[in-house]
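Here's the letter readout for the chains.
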Amino acid sequence: MDLKDLYREVILDHNKSPRLYGKLEPADSSADGHNPLCGDRLHISVRLDGDRVSDLRFEGKGCAISVASASMMCEAVKGKRRDDIAHLFHEIHTVLTQHDAPVPEDLGKLAALSGVREFPVRVKCASLCWHTLNAALERSAATVKTE
Ligand code: ZN
């Protein structure tokens, strides 16, 4: 299966049945994301255990790419440490924005998102969830510092 087929299949699947959809209550941190270019809106809530994201959920309304990307991201980062999440974010960002960048093998299923770079206007749809997660993690880091 080449990346284009994988892209289509994975996006359709995660859009139809999003994983980790909903809201954590209580959550340790949360953030809202909005992509005005497309109208995508996301809310991401996270539960933290030290520097690990022990659980997270997303909810919102948006295009198939924004929903599928959030669903895949939640699956990929659940249980991971902040460092590892930052590393994944960097890889995803490179794959989405640099047309000729090789797709790292450790991206796993997230590699399917590289198909988005064929459609530059949709890159923000795919990256919205990552920026929103970062905002939630930064907020929690700020909270920890002031305590
Ligand atoms: Zn969108």
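Computed from a predicted structure; not experimentally measured.

> Sorry if this is basic, but what is going on with the side chain of serine 69 here?
Looking at the element boundaries, serine 69 is found in helix H2 (residues 64-77). In this structure serine 69 comes out as buried when scored by relative accessible area, which is 0%. Those residues in contact with serine 69, other than ones at most four positions away along the chain, are Leu113, Ala126, Cys129 and Trp130.

> Please explain the nonpolar core as it appears in this structure.
Within the largest apolar cluster, 42 residues are counted, with the highest numbers of intra-cluster contacts made by Leu110, Trp130 and Leu133. Elements with a contribution of two residues or more to this core: helix H1 (3-16), strand S2 (40-49), strand S3 (52-61), H2, helix H3 (82-97) and helix H4 (123-146). Once residues within four sequence positions are removed from consideration, tryptophan 130 is found in contact with Ser69, Met73, Val77, Ile85, Leu88, Phe89, Ile92 and Leu110.

> Any chance you could explain unusual backbone geometry here in plain terms?
Residue glutamate 25 is joined to proline 26 through a cis peptide bond whose omega torsion reads 0 degrees. Following the sequence through the fold, proline 26 ends up in the loop between H1 and strand S1 (29-35). One non-glycine residue, leucine 20, lies in the positive phi region at around 55 degrees. Residue position: leucine 20 is located in the loop between H1 and S1.

> Would you mind showing me how to read the coordination of the zinc ion here?
Octahedral six-donor coordination of a metal ideally yields angles of 90 or 180 degrees, compared with 109.5 degrees for tetrahedral four-donor coordination. On the protein side, the zinc ion has Cys38 (SG), Asp40 (OD), Asp40 (OD), Cys63 (SG) and Cys125 (SG) as donor atoms, found 2.2 to 2.6 Å from it. When the donor residues of the zinc ion are listed from N- to C-terminus, their spacing reads C-x1-D-x22-C-x61-C. Of the two residues, cysteine 63 is situated in the loop between S3 and H2 and cysteine 125 in helix H4; the sequence distance between them amounts to 62 residues. Pair check on accessibility: cysteine 63 and cysteine 125 agree, each one buried.

The rules behind these values
- Residues numbered from 1 in each chain as written.
- Predicted model: local features only at pLDDT ≥ 70, side-chain atom pairs only at ≥ 80, totals over all residues.
- Heavy atoms only, no water.
- Helix = DSSP H or I, 4+ residues; strand = E, 2+ residues; numbered from the N terminus.
- Buried < 20%, exposed > 50% of the residue type's maximum accessible area, 1.4 Å probe, protein only.
- Contact = heavy atoms within 4.5 Å.
- Core = buried A, V, L, I, M, F, W, Y, C linked by side-chain atoms within 4.5 Å.
- Donors = N, O, S within 2.8 Å, 3.2 Å for Na, K, Ca; no water.

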